[in-house]
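Letter by letter, the chains look like this.
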Amino acid sequence: MPVNSKTQTASRRARVGALILAMFMTSTSVMADQRCADPGDQSHFEVTALKTELMVIALTCEERDRYNAFIQRYQPTLVEVNRGFTNYFNRALGRAGQRQLDIYITALANSRQQGAQVLGSDFCPRNRILFEEVAALNSPADLAAYAAGKDLVPVGLGACVSGPAAPIRQASRSSR
Amino acid sequence: MTSVKLGFALGGLVVLAGCSSPPPPRVSQTVVYAADLQGGARSCTVPQDLTLTADAPTTAQMVVGNDGGWCGLMVALPGPHPYRLGLITARPQRGRVYIHTVGDATRISYTPDAGFVGEDAFAVRLMPDSRVVQVAVKVEPGPAAVATPAPTPAPAPATPARSTTRRRS
């Protein structure tokens, strides 16, 4: 019986995963332009998208040193953003949060990579400037305001798309 | 004597010709990428040659038809040169803002949310000298929103493939 139970659990997880993936991939018109009600959550999505874009530039344009410099300079901020980003998914989706976060990150990277492919040979000369800009920020505290003006969260993915009542979920989690 | 007069006359003509020649055109050192010229809204009204002041925020009015395209406000440092970077200090509520270098200027592009009609606003701080521009946006219905269906079942005219010319995927 434990085998059946495990099988059923795995099957249920697979169905949930497929549902989440389908939600991301097929309902773009519904999710288009969606943003977070909380500006803090919105910033976490935007900075994560910026980091992903810089990673794509680094890998595509041989800019690994500048990417590493970015990570080193903004490490405390990025750690905080990553924590907030993870907390959002856990808050909004409970136990499915980590899985959906992984799916979102993968979809985000794929989307940014597709953007690079669309630009073709223009991508590197046009987008390398992002490294100069993030290096020129006066303070790590400016990173969120900078990312907010880069429009890097794909319209098809949106931000905070899963959006159930976060405080209730958080309360239920903390009561366990 | 006559040759001296002719010499003066020719010399004068040469001098005048030198004065009348136009200054050499300014050669831009920057590149405008094709991707930055695509996906603009068909209806976009913004102030031209906007000069940002250092002592107080500069206000600008933007009117855009919501057809899915962006409306861009161009700003530049003297030269002209683009600003180094931009920071959002007040977020728009019903659209997205994209600040980036386009040629010798910085373009602040606003794209309204799909289907939105109404008013929005945002503010941007431009570095290196922290000049602030506050943009009030009026979003009007786009061509798709105001189009009326044809009375007869004749085939609809082909619409421009604007979705394929978005500035970024």
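Residues numbered from 1 in each chain as written. Chains lettered and ligands numbered in written order. Predicted model: local features only at pLDDT ≥ 70, side-chain atom pairs only at ≥ 80, totals over all residues. Heavy atoms only, no water.

### With respect to the pairing of strand β5 (residues 95–102) of chain B
Residues and elements named next belong to chain B. In terms of residue burial, β5 counts as a mostly covered element, since seven of its eight residues are buried. Taken together, the eight bridges between β5 and strand β6 (residues 105–112) define a ladder with antiparallel strand orientation. Each bridged residue has a counterpart across the sheet, and for Thr101 the counterpart in β6 is Thr106. The loop that links β5 with its antiparallel partner β6 comprises two residues; one of these, Gly103, has a positive phi angle of about 65°. (Buried < 20%, exposed > 50% of the residue type's maximum accessible area, 1.4 Å probe, protein only. Helix = DSSP H or I, 4+ residues; strand = E, 2+ residues; numbered from the N terminus. Pairing = 2+ DSSP bridges.)

### A closer look at the confidence of the model for chain A
Residue and element names in this part refer to chain A. When pLDDT is averaged along chain A, the result is 81; 73% of the residues meet or exceed 70. Taken element by element, the predicted model of chain A shows its lowest mean pLDDT in helix α10 (residues 166–174) (35) and its highest in helix α9 (residues 143–148) (98). Ignoring residues within four places in sequence, the model shows residues 16–32, a span with pLDDT below 50, making 24 contacts including any to other chains. Confidence drops under a pLDDT of 50 for residues 163–176, and excluding neighbours within four residues, the segment shows 12 contacts in the predicted structure. (pLDDT = per-residue confidence, 0-100. Contact = heavy atoms within 4.5 Å.)

### Some details on the state of the cysteines
Under the defined criterion, the tally for this structure stands at three disulfides over all chains. Note that Cys36 of chain A is cross-linked by a disulfide to Cys160 of chain A, the S-S spacing being 1.9 Å. The disulfide joining Cys36 of chain A to Cys160 of chain A has a torsion of about 90° about its S-S bond and is therefore right-handed. Here Cys36 of chain A, found in the loop between α2 (28–31) and α3 (39–61), pairs with Cys160 of chain A, found in the loop between α9 and α10; they are 124 residues apart in sequence, far enough to count as distant. Cys36 of chain A sits in the buried class, given a relative accessible area of 9%. Taking the relative accessible area as the measure of exposure, Cys160 of chain A reaches 8% and is therefore buried. A disulfide bridge connects Cys44 of chain B with Cys71 of chain B, and the sulfur atoms are separated by 1.9 Å. Judged by the sign of its S-S torsion, about 75°, the cystine formed by Cys44 of chain B and Cys71 of chain B is right-handed. (Disulfide = S-S within 2.5 Å.)

### Quick notes on the interface of chain A and chain B
How big an interface is tends to be stated in terms of the accessible area lost upon association of its parts. Opposite the 29 residues of chain A that make contact, chain B presents 25 residues. In total, chain A and chain B occlude about 2200 Å² of area from one another, counting both sides; carbon and sulfur atoms represent 46% of this. At the junction of chain A and chain B, the tally comes to four salt bridges. Close ionic contact of Arg35 of chain A with Asp113 of chain B constitutes a salt bridge, the shortest N to O distance being 2.9 Å. Linking chain A with chain B are 12 residue pairs in polar contact (both at pLDDT 80 or more). At the level of secondary structure, the elements contributing two or more residues to the side of chain A that touches chain B comprise α3, α6 (97–119), α7 (123–127), α8 (129–136) and α9 of chain A. Top contributing element to the side of chain A that touches chain B by residue count: α6 of chain A, with six residues. Classifying every residue of the side of chain A that touches chain B by side-chain character gives 12 nonpolar, seven polar and 10 charged. (Buried area = accessible area lost by both parts, 1.4 Å probe. Salt bridge = Lys/Arg side-chain N within 4 Å of Asp/Glu carboxyl O. Polar contact = N/O pair within 3.5 Å; in protein donor to acceptor, adjacent residues only side chain to side chain. Nonpolar A, V, L, I, M, F, W, Y, C, P; charged D, E, K, R; others polar.)

### Examining the pattern of salt bridges
Residues and elements named next belong to chain A. Evaluation of the coordinates by the stated rule reveals 14 salt bridges over all chains. The residue Lys150 makes a salt bridge to Glu133 at a minimum N-O spacing of 3.0 Å. With Lys150 in the loop between α9 and α10 and Glu133 in helix α8, the pair connects residues that are 17 residues apart, well separated along the chain.

### Quick word on the packing of aromatic side chains
Residues and elements named next belong to chain A. Summed over all chains, the structure comprises 11 aromatic pairs over all chains. Measuring from centroid to centroid gives 5.2 Å for Phe85 and Phe89, while their planes differ by 75°, and the two rings are edge-to-face. In this pair, Phe85 and Phe89 both sit in helix α5 (residues 75–93), four residues apart, roughly one turn of the helix. When its relative accessible area of 0% is taken as the criterion, Phe85 is described as buried. Taking the centre distance of 5.4 Å and the plane angle of 80° together, the rings of Tyr88 and Phe89 count as edge-to-face. For the pair shown, Tyr88 and Phe89 are each scored as buried. Here the aromatic residues Phe45, Phe85, Tyr88, Phe89 and Tyr104 are joined through ring pairs into a cluster of three or more. (Phe/Tyr/Trp six-rings, centres within 6.5 Å; stacked < 30°, edge-to-face > 60°.)

### Remarks on the packing of α5 of chain A against α6 of chain A
Residue and element names in this part refer to chain A. Contact pair α5 / α6: the axes reach a minimum separation of 8 Å and the direction vectors enclose 125°. By the angle class used here, α5 and α6 are oblique. Read as a crossing pair, α5 and α6 show a hand that is right-handed. Residues Phe85, Thr86, Phe89, Asn90 and Leu93 of α5 lie in contact with α6, whose contacting residues are Gly97, Gln98, Gln100, Leu101, Tyr104 and Ile105. Residue classes in the contact of α5 with α6 are distributed as six nonpolar, five polar and no charged. (Axes fitted to C-alpha atoms, helices over the stretch in contact; angles between N-to-C directions. Parallel < 35°, antiparallel > 145°, perpendicular 65-115°, else oblique. Left-handed = near helix turned anticlockwise from the far one by under 90°.)

### Quick word on the nonpolar core
If you look at the biggest cluster of nonpolar residues, it comprises 44 residues, and the most contacted ones within it are Phe45, Leu50, Leu54 and Leu143 of chain A. Where this core is concerned, the elements lending two or more residues are α3, α4 (64–73), α5, α6, α7, α8 and α9 of chain A together with β4 (85–90) of chain B. Among the elements that take part in this core, α3 of chain A stands out by supplying nine residues, more than any other. What Leu54 of chain A contacts, discounting residues up to four positions off in sequence, is Tyr67, Phe70, Leu130, Phe131 and Val134 of chain A. If you look at the next biggest cluster of nonpolar residues, it comprises 25 residues, including Val46, Val64, Phe116 and Val133 of chain B. (Core = buried A, V, L, I, M, F, W, Y, C linked by side-chain atoms within 4.5 Å.)

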